[in-house]
Amino acid sequence: MSHTVDLEADIGEVLLSEAEIAAKTAELGRRISEDYAGRNLTLVSVLKGSLPFMADLMRQISLPLRIDLMEVSSYGGTATESSGLVRIIKDLSASIADEDVLLVEDIIDTGLTLNYLVRYLRGKNPASLRICTLLDKPARRLVDIPVDYVGFEIPDQFVVGYGLDYSERYRNLRFVGVLRPEVYSAHE
Ligand code: 5GP
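Numbering of residues begins from 1 in every chain and follows the order in which that chain's sequence is written. Given that the model is predicted, a residue must reach a pLDDT of at least 70 before its local features are reported, and side-chain atom pairs must reach 80 or more before they are shown or counted; all residues, however, enter totals for whole chains, interfaces and linings. Hydrogen atoms and water are omitted, and side-chain values are computed over all heavy atoms in the structure.

Draft legend 1. Summary view of the nonpolar core. Take the buried residues of types Ala, Val, Leu, Ile, Met, Phe, Trp, Tyr and Cys, join any two whose side-chain atoms come within 4.5 Å, and each joined set is a nonpolar core. For each residue, the accessible area found with a 1.4 Å probe, counting protein chains only, is set against the maximum for its type, and the residue is called buried under 20%, exposed over 50%, and partly exposed in between. By size, the foremost hydrophobic cluster in this structure holds 27 residues, and its most contacted members are Ile32, Leu135 and Val159. Any pair of residues with heavy atoms lying within 4.5 Å of one another is described as a contacting pair. Contacts of valine 159, omitting those with residues within four sequence positions, involve Leu15, Ile107, Leu135, Ile154, Leu164, Val176, Gly177 and Val178. Counting residues in hydrophobic clusters, the runner-up holds 19 residues, among them Val101, Leu103, Leu114 and Val118.

Printed below as a string of structure tokens:
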């Protein structure tokens, strides 16, 4: 596979700037800090896409909290479509029983991955389970799951950056953007 020399040159449109993401993360952190005061908060995030959001959000929450990380991969899909078949690559490292769990997601698209995770985490008997996502693409939802904290609703476009990848690239962009169509056609 060829290596992109200039990552930013592959972006057709910046959807969310670094400053917009930072402001929204601070706002979500304030809300979560109010809502979870006096609770046993554990943030659970899902590698790899949620990594920057998790790192930024946790530092905007002014409460004692624990974090845990899972990694899942969906199989049977393509580089831009999830199939809903989920495999756990890395499980939680501690019990979440009786914890107030907030699942921190990068993006909810069809909702199939989230649906799987919510069922899995509920089976571990947390005191409560809520969902926080930076990005939401409601137009593509196949499973209706109530999402408690949403950063931005975005249109039905495949986005990269701020953790989100295309073929494992672009995660390190500081903004969220849409790839130029030529980038896909070169690989598919
Ligand atoms: P869902 O199961 O909700 O359809 O998809 C969830 C997962 O698909 C996300 O965690 C993410 O890995 C991937 N995904 C969905 N939409 C996008 C997108 O626009 N860009 C990127 N890079 N990944 C996406």
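So much for the structure itself; the text now carries on.
Draft legend 2. The sheet that holds strand E8 (residues 159–160), seen in detail. Spatial ordering of the open sheet is given by E1-E9-E8, a layout of three strands whose pairing is antiparallel. With one partner strand each, in any of the chains shown, strand E1 (11–16) and E8 form the two edges of the open sheet. We call two strands paired when DSSP finds no fewer than two bridges between them. A run of DSSP states H or I qualifies as a helix once it reaches four residues; a run of E qualifies as a strand once it reaches two. Both are numbered from the N-terminal end. Sheet topology note: the E1/strand E9 (residues 176–179) ladder contains four bridges and is antiparallel. Counterpart to glutamate 13 in the pairing with E9 is valine 178.

Draft legend 3. Molecular detail of the pattern of salt bridges. The salt bridge definition used is simple: a Lys or Arg side-chain nitrogen within 4 Å of an Asp or Glu carboxyl oxygen. For the structure shown, the criterion picks out 14 salt bridges. Residue lysine 137 pairs with aspartate 109 through a salt bridge whose shortest N-O separation is 3.7 Å. Taken together, the residues lysine 137 in the loop between strand E6 (128–136) and strand E7 (149–153) and aspartate 109 in the loop between strand E5 (100–108) and helix H3 (112–122) connect sequence positions 28 residues apart. We note that lysine 137, like aspartate 109, is buried. When the shortest N-O distance is used, the salt bridge between arginine 171 and glutamate 168 registers 2.8 Å.

Draft legend 4. Up close: the site of the ligand. Taken together, the neighbourhood of the ligand is formed by 15 residues, with Thr110, Gly111, Thr113, Val159 and Asp165 sitting nearest. A distance of 2.6 Å separates a nitrogen atom of the ligand from a polar atom in the backbone of valine 159. Throughout this description, a polar contact denotes any pair of N or O atoms lying within 3.5 Å of each other; where both atoms belong to protein, one of them has to be capable of donating a hydrogen while the other can accept it, and for residues adjacent in sequence the pair is counted only when both atoms sit in side chains. A distance of 2.7 Å separates a nitrogen atom of the ligand from a polar backbone atom of aspartate 165. Computed with the Shrake-Rupley method and a 1.4 Å probe, the accessible areas treat only the protein chains shown as cover for residues. Relative to its unbound accessible surface of 500 Å², the ligand loses 86% to contact with the protein. Among the secondary structure elements, those contributing two or more residues to the shell around the ligand are E5 and H3. Ranked by residue count, the leading element in the shell around the ligand is E5, at three residues. Distances are taken per atom, and a residue is near a molecule or strand as soon as one of its heavy atoms is within 4 Å of it.

Draft legend 5. Broad picture of the packing of helix H1 (residues 18–35) against helix H2 (residues 51–58). At a closest axis distance of 9 Å, the pairing of H1 and H2 adopts a crossing angle of 55 degrees. On the basis of their axis angle, the class for H1 and H2 is oblique. H1 and H2 meet at a crossing whose hand is right-handed. Across the interface between the two elements, Thr25, Leu28, Gly29 and Ile32 of H1 pack against Phe53, Asp56 and Leu57 of H2. For this classification, the nonpolar set comprises Ala, Val, Leu, Ile, Met, Phe, Trp, Tyr, Cys and Pro, the charged set comprises Asp, Glu, Lys and Arg, and every other residue, Gly included, is treated as polar. Looking at the contact of H1 with H2 residue by residue, the class counts come to four nonpolar, two polar and one charged. Fitting a line to C-alpha atoms yields each axis, with helices limited to the stretch in contact; the angle taken between N-to-C directions then spans 0 to 180 degrees. Roughly parallel means an angle under 35 degrees; roughly antiparallel, over 145; roughly perpendicular, 65 to 115; everything else is oblique. Take the far helix as your reference; a near helix turned counterclockwise from it by less than a right angle gives a left-handed crossing, and one turned clockwise gives a right-handed crossing.

Draft legend 6. The environment of glutamate 99, seen in detail. Along the chain, glutamate 99 turns up in the loop between strand E4 (85–90) and E5. Between the alpha carbons of glutamate 99 and asparagine 172 there is a distance of 32 Å; along the sequence they are 73 residues apart. Look past the residues within four positions of glutamate 99 in its chain and what remains in contact with it is Asn40, Leu41, Thr42, Arg66, Pro126, Ala127 and Ser128.

Draft legend 7. The packing of aromatic side chains, seen in detail. Aromatic contacts are taken between Phe, Tyr and Trp rings whose centres are within 6.5 Å, Trp giving its six-membered ring; a plane angle under 30 degrees counts as stacked, one over 60 as edge-to-face, and the others as tilted. Overall, the coordinates contain two aromatic pairs when judged by the stated rule. Note on tyrosine 116 and tyrosine 120: the rings are 6.4 Å apart at their centroids and 10 degrees apart in plane angle, and the pair reads as stacked. Taken together, the residues tyrosine 116 and tyrosine 120, both in helix H3 and four residues apart, mark about one turn of the helix. Only when the NZ atom of a Lys or the CZ atom of an Arg is both within 6 Å of the ring centre and within 35 degrees of the ring normal do we say a charge sits over the ring. A cation over a ring is seen here: lysine 24 above phenylalanine 152, with NZ or CZ 5.2 Å from the ring centre.

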